[in-house]
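Chains, contacts and geometry: an overview
Here is what each chain is made of, one letter per residue.
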Amino acid sequence: MSEKKTKRRDFLFTATYAVGAVGAGAVVWPMIDQMNPDASVKALASTEVDISSMDPGKTITVLWRGKPVFIRRRTQQEIAEAKAVNLKDLKHPEKDEDRAKNPEWLVMLGVCTHLGCVPLDQKGDYNGWFCPCHGSHYDISGRIRKGPAPTNMEIPEYKFVNTNTIKIG
Amino acid sequence: MSDHEYTPKSKFGKWFNDRLPLLTLASHLTDYPTPKNLNYWWTFGGILTFCLITQIVTGLVLAMHYIAHADMAFDSVEHIMRNVNYGWLIRYIHANGASMFFLAVYIHIFRSLFYGSYKSPREIIWIIGIIIYLLMMAAAFLGYVLPWGQMSFWGATVITNLFSAIPLVGEGIVTWLWGGYSVDNPTLTRFFTLHYLIPFLILGLVVLHIWALHVPGNNNPVGIDIKKPSKDTVPFHPYIVIKDGFALLMFMIVFAFFVFYTPNILGHADNYIEANPLVTPAHIVPEWYLLPFYAILRSVPDKLLGVVAMLSAILILAALPWLDTSKIRSAVFRPLYRQFYWILVADVLILGYVGAMPAEGLYLLVARVATAYYFLHFLVVLPILGYKEKTLPVPLSITEPVLGGSPNLALAKNKENFKD
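Since we're looking at a predicted model, the values are computed, not measured.

Observations regarding the overall build of chain B
Regarding its fold elements, chain B presents 17 helices and two strands. On C-alpha atoms alone, chain B measures out to a radius of gyration of 24 Å, which is about the 22 Å that the 2.2 N^0.38 rule sets for 420 residues. Summarising the internal contacts of chain B: among those between residues at least 6 apart in sequence, 78% fall at separations of at least 24. Within the structure as shown, chain B displays about 20700 Å² of accessible surface, and the carbon and sulfur contribution to it stands at 72%.

Printed below as a string of structure tokens:
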């Protein structure tokens with residue numbers, strides 16, 4: 001008799017806790033998810049850039065999703081330099097061909113992969129970029145060569161809409 | 001704790017106190033027996049309470065004029081400085097108040113380190129204190145972002161990016177913190193909300209901190225357990241109240257000097273330039289009170305390990321009551337610990353200095369040595385010292401070294417028993 005009663009109570013307790021936990025989760029998730037990017041932020045997903053006036057050796061910085069994107073028209077010498085690097089010397093080995101499909105144009109996020117500062121153009125020990133915050137050196141392909149950054153600067157999705165326009169995103 | 005029965009004198013007081021014993025609490029606080037040898041290093045608890053109230057009151061009135069929007073925040077701060085009546089004064093008190101708060105908390109923490117106040121039975125007081133310190137750092141960081149200057153923006157970018165070091169989920173967490181793909185308006189509005197919330201969390205923890213303190217009572221410069229109340233104690237009011245009050249006045253002179261004579265010396269000129277997501281200032285440094293930890297972050301060449309080292313440097317303090325194996329509390333009776341204590345003080349100051357310098361060459365080397373020593377102090381020196389150190393004889397009571405007369409401890413103890 002008493003044993004049967006205990007079992008019924010056990011069931012009620014367990015069922016109550018289970019429903020309570022699911023209910024709490026269902027209430028907490030919206031509270032957490034509201035902090036993720038909202039619809040208006042997501043809507044600003046792509047940017048088109050006019051590159052017709054850029055000479056070799058010039059870099060421009062454009063804003064995409066609130067972040068700077070570097071577009072550099074590289075000189076023949078720079079392209080040769082980027083391709084000549086031995087992959088074994090790299091912390092994050094990536095071929096230059098994989099980073100710049102059209103070797104003349106390097107399009108990458110101008111965000112240091114260490115803690116998110118904007119590296120400076122044509123500075124540092126490798127003729128590429130140098131991050132002033134914590135001293136990361138990048139080469140002319142945007143690959144990390146020295147300093148605390150763990151990976152190469154990111155290449156965003158982009159395509160050439162025509163010879164004069166790049167669409168980022 | 002003085003557990004004496006308290007009965008209010010008036011009839012109304014008695015009626016009220018029977019229903020809500022606030023008067024019993026007030027009586028406990030005024031009569032609270034305090035060691036009579038507390039020196040001025042013990043006045044910083046009161047000073048810190050003053051700092052917290054100052055930040056809450058000035059913050060409240062600043063929030064009446066500030067606008068938390070990426071397009072308007074910078075201008076609204078200038079509006080406070082130029083147009084709002086006494087806005088300059090209130091903002092300078094709030095901004096320098098943060099520095100004064102940290103100055104006081106560092107003295108308070110190093111007081112505990114010297115006199116062993118974190119040891120049994122005061123571990124919980126200490127751990128609550130460390131949580132308060134962590135919340136203070138969070139509040140200071142969030143508040144620094146609100147003016148939306150260059151240092152605000154890039155400080156926010158660098159600090160939130162620390163979370164990207166977490167494997168797998170790091171990037172997702174950073175996007176979630178930002179509410180976007182970079183630090184922007186959603187980041188600013190949530191930072192403002194949290195900056196407003198945290199001081200009240202701290203206030204609640206301060207109540208717990210003092211509650212936990214009133215269970216064993218104050219530690220004291222001699223570091224021995226004392227009987228309460230006894231001839232070794234004085235009531236909190238008026239003895240400690242007046243001493244705390246005097247120290248607070250001295251502290252306010254320093255505070256006022258910064259507010260009225262050099263209100264911007266502790267800040268960075270770059271923060272008077274509006275936030276620009278395309279240009280990082282050439283030299284990013286955090287506020288002075290975070291520099292030692294910043295130096296530790298930069299001294300490790302690996303991103304994840306750097307973040308781990310920085311967090312460990314703070315969290316290791318919570319384990320201190322168990323890392324320090326010595327039974328003797330006060331450094332007064334620990335000749336070797338006393339020397340290591342001062343080396344640690346110097347080590348932290350050096351870390352603070354190199355944290356403000358560029359992370360290269362000799363500075364980087366010094367930062368690495370100082371970081372290694374910091375961990376060595378807590379993980380190796382303190383545990384071993386408790387077993388190896390030959391400590392000096394500890395007096396039996398606070399009164400004994402002054403009035404006991406006899407160098408023979410057994411005799412002095414007998415005398416003590418006779419008097420009771």
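Anyway, onward from the coordinates.
Considerations on the overall build of chain A
A tally of helices and strands in chain A yields four helices and ten strands. Helices (α) and strands (β) of chain A occur, in sequence order from the N terminus, as α-α-β-β-β-α-α-β-β-β-β-β-β-β. Here chain A has a C-alpha radius of gyration of 26 Å; the compact-globule value for 169 residues is 15 Å, and the former is much larger. Across the 169 residues of chain A, 38% fall into the buried class. Looking at charge distribution, chain A has the averaged site of its 24 positive side-chain charges lying 9 Å from that of its 20 negative ones.

Section: the packing of aromatic side chains
Summed over all chains, the structure comprises 32 aromatic pairs over all chains. The interplanar angle of 50° and the centroid separation of 5.2 Å between the aromatic rings of tyrosine 66 of chain B and phenylalanine 192 of chain B together place this pair among those described as tilted. With tyrosine 66 of chain B in the loop between helix H3 (44-63) and helix H4 (73-82) and phenylalanine 192 of chain B in helix H9 (residues 185-214), this residue pair connects regions lying 126 residues apart in the sequence. On the basis of relative accessibility, which here comes to 11%, the residue tyrosine 66 of chain B falls in the buried class. Arranged with centres 4.8 Å apart and planes meeting at 80°, the rings of phenylalanine 114 of chain B and tyrosine 115 of chain B form a pair that is edge-to-face. Taking the relative accessible area as the measure of exposure, tyrosine 115 of chain B reaches 8% and is therefore buried. One aromatic cluster is present, built from ring pairs that chain together Trp42, Phe110, Phe114, Tyr115, Tyr337, Tyr341 and Trp342 of chain B. The ring of tyrosine 181 of chain B has arginine 65 of chain A sitting right over it, with the charged end atom 3.9 Å from the ring centre.

A look at the interface of chain A and chain B
Accessible area lost during the coming together of the parts is what is often quoted as the interface size. Tallying the contact residues gives 27 residues for chain A and 27 residues for chain B. For the pair chain A and chain B, the summed buried area comes to about 2300 Å², and 65% of that belongs to carbon and sulfur atoms. Of all residues in chain A, the largest losses of buried area upon contact with chain B belong to Met35, Leu115 and His134 of chain A, amounting jointly to 28% of the total for that side. Summed over the shared surface of chain A and chain B, the number is zero salt bridges. Connecting chain A to chain B are nine residue pairs in polar contact (both at pLDDT 80 or more). With three residues, strand E2 (residues 58-64) of chain A is the single largest residue contributor to the side of chain A that touches chain B. When its residues are assigned to classes, the side of chain A that touches chain B shows 14 nonpolar, nine polar and four charged.

Digging into the sheet that holds strand E10 (residues 165-168) of chain A
All names here are of chain A. Pairing in this open sheet of three strands is antiparallel, and the strands run E1-E10-E9 from one edge to the other. Two strands close off the open sheet at either side, each with one partner strand: strand E1 (47-50) and strand E9 (158-162). This sheet shows a mean twist of 30° between the axes of neighbouring strands, independent of strand direction. As defined by bridge partners, E1 adjoins E10 across four bridges and the pair is classed as antiparallel. Directly across from threonine 47, in E10, lies its bridge partner isoleucine 168.

Some thoughts on the sheet that holds E2 of chain A
All names here are of chain A. Spatial strand order, E2-E3-E4: three strands in an open sheet with antiparallel pairing. Taken across any chain shown, the strands that pair with only one partner, and hence form the sheet edges, are E2 and strand E4 (105-109). On average, each strand axis in the sheet is tilted by 20° relative to the strand beside it, whichever way the strands run. Judged from the seven bridges that link them, E2 and strand E3 (residues 67-73) form a sheet pairing that is antiparallel. Paired with lysine 58 across the two strands is arginine 73, which belongs to E3.

Describing helix H15 (residues 361-388) of chain B
With 28 residues, H15 of chain B should cover 40 Å at 1.5 Å per step; its first-to-last C-alpha distance of 38 Å lies within 8% of that length. Its maximal kink placed at leucine 376 of chain B, H15 of chain B deviates by approximately 45°.

Thoughts on the pattern of salt bridges
Residue and element names in this part refer to chain A. Under the defined criterion, the tally for this structure stands at 14 salt bridges over all chains. Residues glutamate 104 and arginine 73 are paired through a salt bridge, measuring 2.8 Å at the closest nitrogen-oxygen approach. Placement of glutamate 104 in the loop between helix H4 (96-99) and E4 and of arginine 73 in strand E3 is noted, with a sequence separation of 31 residues between them. The partly exposed category is assigned to glutamate 104, whose relative accessible area is 23%. Between aspartate 96 and arginine 74 there is a salt bridge, and its shortest N-O distance comes to 2.9 Å. A residue pair is termed long-range when its members are at least 10 positions apart, and aspartate 96 in helix H4 and arginine 74 in the loop between E3 and helix H3 (76-84) qualify at 22 residues. For the pair shown, aspartate 96 and arginine 74 are each scored as buried.

Brief notes about a nonpolar patch on the surface
Residues and elements named next belong to chain B. Together, Ile53, Val57, Leu60, Met64, Tyr196, Phe200 and Leu203 make up a nonpolar patch on the protein surface, roughly 640 Å² of accessible area in all. Secondary-structure elements contributing two or more residues to the nonpolar patch are H3 and H9. Tracing the backbone shows phenylalanine 200 in helix H9.

Overview of the side chain of glutamine 150 of chain B
Its location among the elements puts glutamine 150 of chain B in helix H7 (residues 150-161). Here glutamine 150 of chain B falls in the buried class, since its relative accessible area comes to 5%.

About the criteria used
- Residues numbered from 1 in each chain as written.
- Chains lettered and ligands numbered in written order.
- Predicted model: local features only at pLDDT ≥ 70, side-chain atom pairs only at ≥ 80, totals over all residues.
- Heavy atoms only, no water.
- Helix = DSSP H or I, 4+ residues; strand = E, 2+ residues; numbered from the N terminus.
- Rg over C-alpha atoms; globule rule 2.2 N^0.38 Å.
- Contact = heavy atoms within 4.5 Å.
- Areas by Shrake-Rupley, 256 points an atom, 1.4 Å probe, with all protein chains shown as cover.
- Buried < 20%, exposed > 50% of the residue type's maximum accessible area, 1.4 Å probe, protein only.
- Lys, Arg positive; Asp, Glu negative; His and termini not counted.
- Charge placed at Lys NZ, Arg CZ, Asp CG, Glu CD.
- Phe/Tyr/Trp six-rings, centres within 6.5 Å; stacked < 30°, edge-to-face > 60°.
- Lys NZ or Arg CZ within 6 Å of the ring centre and 35° of its normal.
- Buried area = accessible area lost by both parts, 1.4 Å probe.
- Salt bridge = Lys/Arg side-chain N within 4 Å of Asp/Glu carboxyl O.
- Polar contact = N/O pair within 3.5 Å; in protein donor to acceptor, adjacent residues only side chain to side chain.
- Nonpolar A, V, L, I, M, F, W, Y, C, P; charged D, E, K, R; others polar.
- Pairing = 2+ DSSP bridges.
- Axes fitted to C-alpha atoms, helices over the stretch in contact; angles between N-to-C directions.
- Expected span 1.5 Å × (residues − 1).
- Bend = angle between axes of the 7 residues up to and from the residue.
- Patch = residues over 30% accessible without salt bridge, like charges linked within 9 Å, V, L, I, M, F, W, Y side chains within 5 Å.

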